[in-house]
Amino acid sequence: AGITGTNGKTTTTRLLAHIVACSGRRVGWSSSTGVYVQGRQVLEGDYSGPSGARRVLEDPDVEVAILETARGGLLLRGLAYESNDVGVFLNVSADHLSLHGVETLETLAAVKSVVVRVTRPKGLVVLNADDPLVVAWRDRVRAPVLLFTQQADNAIVREHIANGGAALVREGDCLRLYRAGDSSTLAKLADIPMTFGGAVPFMVENALGAAGAALGLGIAPEVVAGGLASFRNDSRSNRGRLNVFGVQDRALVIDYAHNDTGLAGLAMFARQLAGDRGKLHLVVGTAGDRRDEDFRALGRLARSVGDVVYLKDTRAYMRGRA
């Protein structure tokens, strides 16, 4: 399975790998934090490009490969494989623009769409129907499509279901699975810890993407539901992605949010944790190769939602900035 998008790739990769492991198959995965085989890290660093994918694909112990696929690797070195069995496209937002000739969101979406355009005809493409730039590719892929949405009245999804297509839909506090003219409850959000009971939409999005991919890999719905229920957003299973710690009378939230879309989702959740009386302190940073306007967007957003804002340099990601 290949997984792409602007935000949520690593969490979705980790969650899908966990579900595959729950099914009893030997799994390897590559991501922005390293390469892992059966839960053991074999390479450390950003391996969301073809070199990480090759390390997984060439490992004789791996039955199922889950490959986080980032824009940079696609543009600079291409894919590590000719086709995948499942392609997942999560979202597109303003990040990495003005790098390697990509100036618009539409071009960025076209780059990322490679992951779903190479999905083999007998495989499955999983698309976020709540993102217009993603769902627009539903008619330009070779494989059948499963759409997912957090909007129960999404017209594109409803038409897709009416035409016999597969979909995962957030309906109230449940994730409903539609396929082959039938529907059933896949899981309740209260039973998916990483979503905090459904209070974190971007984590619900990741859960939907991973669940759709797992179904595409032939994993039974009850095993998928079990994997969703047993995955934890903690520093062991999903390090650096919405990890919440209690420190005296404070809540400390650690997340990789490094663009305005990611920060907006993080801040909304943190504000809920703070409540009416609490104060929200934000520590904000990003990579130095982003545009000046991207820095300004982060600053404006941080100012609008934070009571106190700290701006932080991350030395390993200065990338030419002073």
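Residues numbered from 1 in each chain as written. Predicted model: local features only at pLDDT ≥ 70, side-chain atom pairs only at ≥ 80, totals over all residues. Heavy atoms only, no water.

Draft legend 1. Local environment of the environment of Ser230. Here Ser230 is to be found in helix H9 (residues 221–230). C-alpha of Ser230 to C-alpha of Ala166: the two residues are 64 residues apart in sequence and 25 Å apart in space. When near neighbours in sequence (up to four residues on either side) are disregarded, Ser230 contacts His18 and Cys22. At a separation of 3.0 Å, a polar atom in the side chain of Ser230 contacts the main-chain carbonyl oxygen of Gly226. (Helix = DSSP H or I, 4+ residues; strand = E, 2+ residues; numbered from the N terminus. Contact = heavy atoms within 4.5 Å. Polar contact = N/O pair within 3.5 Å; in protein donor to acceptor, adjacent residues only side chain to side chain.)

Draft legend 2. Quick peek at the packing of helix H10 (residues 260–274) against helix H11 (residues 292–305). Interhelical geometry of H10 versus H11 gives an angle of 10° and a closest axis separation of 10 Å. With respect to H11, the element H10 is oriented roughly parallel. Of the residues in H11, those touching H10 at Asp260, Leu263, Ala264, Ala267 and Arg271 are Ala297, Leu298, Leu301, Ala302 and Val305. Residue composition of the contact of H10 with H11, by class: eight nonpolar, no polar and two charged. (Axes fitted to C-alpha atoms, helices over the stretch in contact; angles between N-to-C directions. Parallel < 35°, antiparallel > 145°, perpendicular 65-115°, else oblique. Nonpolar A, V, L, I, M, F, W, Y, C, P; charged D, E, K, R; others polar.)

Draft legend 3. Structural detail: the nonpolar core. Residues Leu16, Ile66, Leu168, Val224 and Leu228 are the most contacted members of the largest nonpolar core, which totals 55 residues. The element that contributes the greatest number of residues to this core is helix H8 (residues 201–216), accounting for nine residues. Judged by nonpolar contacts, the second largest core, of 33 residues, contains Val37, Ala53, Val92 and Val141. (Core = buried A, V, L, I, M, F, W, Y, C linked by side-chain atoms within 4.5 Å. Buried < 20%, exposed > 50% of the residue type's maximum accessible area, 1.4 Å probe, protein only.)

Draft legend 4. Structural context of the sheet that holds strand S4 (residues 40–44). The mixed open sheet is built from 11 strands, whose spatial order is S4-S3-S2-S5-S1-S6-S7-S8-S9-S10-S11. At either end of the open sheet lies a strand with only one pairing partner, and these are S4 and strand S11 (182–188). With strand direction ignored, the average angle separating the axes of adjacent strands in the sheet is 15°. Bridge count between strand S10 (residues 174–179) and S11: six bridges; the pairing is antiparallel. Bridging from a neighbouring strand, Leu177 pairs with Ser184 of S11. Set on the sheet, H8 makes contact with strand S6 (84–89), strand S7 (119–128), strand S8 (145–149), strand S9 (166–171), S10 and S11; between it and S7 the angle comes to about 165°. (Pairing = 2+ DSSP bridges.)

Draft legend 5. Molecular detail of helix H2 (residues 50–57). Listed as buried for H2 are Pro50, Gly52, Ala53 and Val56. Along H2, the residues classed as buried sweep out an arc of 160° about the axis, all on the same side. Looking at the buried side of H2, the elements it contacts are strand S2 (27–31), strand S3 (34–37), strand S5 (64–68) and helix H3 (71–77). (Arc of directions from axis to C-beta.)

Draft legend 6. Seen up close, a nonpolar patch on the surface. A surface patch of nonpolar side chains, about 300 Å² in accessible area, is lined by Phe245, Val247, Leu252 and Ile254. Sorting the residues of the nonpolar patch by element identifies strand S12 (243–247) and strand S13 (250–254) as the ones contributing at least two each. By the secondary structure assignment, Val247 is in strand S12. For Val247, a relative accessible area of 38% corresponds to the partly exposed category. (Patch = residues over 30% accessible without salt bridge, like charges linked within 9 Å, V, L, I, M, F, W, Y side chains within 5 Å. Areas by Shrake-Rupley, 256 points an atom, 1.4 Å probe, with all protein chains shown as cover. Salt bridge = Lys/Arg side-chain N within 4 Å of Asp/Glu carboxyl O.)

Draft legend 7. Representation of the pairing of S13 within the structure. As defined by bridge partners, S12 adjoins S13 across five bridges and the pair is classed as antiparallel. Bridged to Phe245 within S13 is Leu252. The hairpin formed by S12 and S13 contains two residues between the paired strands, and Gln248 there has a positive phi angle of roughly 55°.

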